[in-house]
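# Summary of the model geometry
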Amino acid sequence: MGTNFATILSFLFVTLFFILGVDLLSVQVVFTDLDRIGVTFSYVIAKEGSINSNVIDDYCNKYNVTFTCLENCTPKFGDIVEFKLVKPYQPILISNDVLNITIIRSAIIGFYN
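Residues numbered from 1 in each chain as written. Predicted model: local features only at pLDDT ≥ 70, side-chain atom pairs only at ≥ 80, totals over all residues. Heavy atoms only, no water.

All chains considered together, the criterion is met by 1 disulfide. The disulfide partner of Cys 69 is Cys 73, and the S-S distance across this bridge is 2.2 Å. An S-S torsion of about -115° defines the bridge between Cys 69 and Cys 73 as left-handed. Under the relative-accessibility criterion, Cys 73 is labelled partly exposed at 39%. Residue Cys 60 stays outside any disulfide, its sulfur separated by 12 Å from that of Cys 69, the closest cysteine. (Disulfide = S-S within 2.5 Å. Buried < 20%, exposed > 50% of the residue type's maximum accessible area, 1.4 Å probe, protein only.)

Here you go:
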């Protein structure tokens, strides 16, 4: 009887740790995807030479992210623009609330011209 209880309990713990691992892996996948989107935003901002709100809104809708300019939002040639991207993630086990995964990136205006 005791071994059956221990087996059932161990399956419960293994299942919980497996779900936690899947959750952590999913957070890493979202973070990596957000980093890829940040590189895309950096390229677009550097290539355009400014923060074009139409292009930014299109990318925000396409990738389901929130764009916030942190520093130097009306740049000149050679300036560095800092921006923040936020993407929501609904975890399975880590939290009951939505996690906002955030990255901060920068772009040098005119770097690709």
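To continue, consider the sheet that holds strand S3 (residues 99–108). The strand order across the open sheet built from 3 strands is S1-S2-S3, with neighbouring strands paired in antiparallel fashion. The open sheet terminates on both sides in strands that have one partner only, identified here as strand S1 (66–71) and S3. Averaged over all pairs of adjacent strands, the angle between strand axes in this sheet comes to 25°, irrespective of strand direction. (Pairing = 2+ DSSP bridges. Helix = DSSP H or I, 4+ residues; strand = E, 2+ residues; numbered from the N terminus. Axes fitted to C-alpha atoms, helices over the stretch in contact; angles between N-to-C directions.)

One pass over the full model with this rule turns up 3 salt bridges. The closest approach of N and O atoms between Arg 36 and Asp 33, which form a salt bridge, is 2.5 Å. A residue pair is termed a helical-turn pair when its members lie 3 or 4 positions apart in one helix, as Arg 36 and Asp 33 do in helix H1 (residues 2–48) at 3 residues. In this structure Arg 36 comes out as partly exposed when scored by relative accessible area, which is 41%. With its nearest N and O atoms 2.6 Å apart, the salt bridge here joins Asp 35 to Arg 105. In this pair, Asp 35 sits in helix H1 while Arg 105 sits in strand S3, placing the two residues 70 residues apart along the sequence. (Salt bridge = Lys/Arg side-chain N within 4 Å of Asp/Glu carboxyl O.)

On the secondary structure map, Lys 87 appears in strand S2 (residues 80–89). A polar contact is formed between the side chain of Lys 87 and the side chain of Asp 33, at a distance of 3.1 Å. Every residue in contact with Lys 87, bar those within four places of it in the chain, is listed here: Val 30, Asp 33, Leu 34, Ile 37, Tyr 63, Asn 64, Val 65, Leu 99, Asn 100 and Ile 101. (Polar contact = N/O pair within 3.5 Å; in protein donor to acceptor, adjacent residues only side chain to side chain. Contact = heavy atoms within 4.5 Å.)

Those residues of helix H2 (residues 53–63) that fall on the buried side of the exposure criterion are Ile 56, Cys 60 and Tyr 63. Looking straight down H2, one finds that the buried residues subtend no more than 85° of arc, so they occupy a single side. Turned more than 90 degrees off the buried face of H2, the exposed positions are Asn 54, Asp 58, Asn 61 and Lys 62. Looking one or two places after H2, you find Asn 64, whose phi comes out positive at around 55°. (Arc of directions from axis to C-beta.)

A separate point is unusual backbone geometry. Phi is positive for Asn 64, close to 55°, though the residue is something other than glycine. Mapped onto the elements, Asn 64 comes out in the loop between H2 and S1. When its relative accessible area of 48% is taken as the criterion, Asn 64 is described as partly exposed. With a phi angle near 60°, Asn 72 is a residue other than glycine that sits in the positive phi range. Its place among the elements puts Asn 72 in the loop between S1 and S2.

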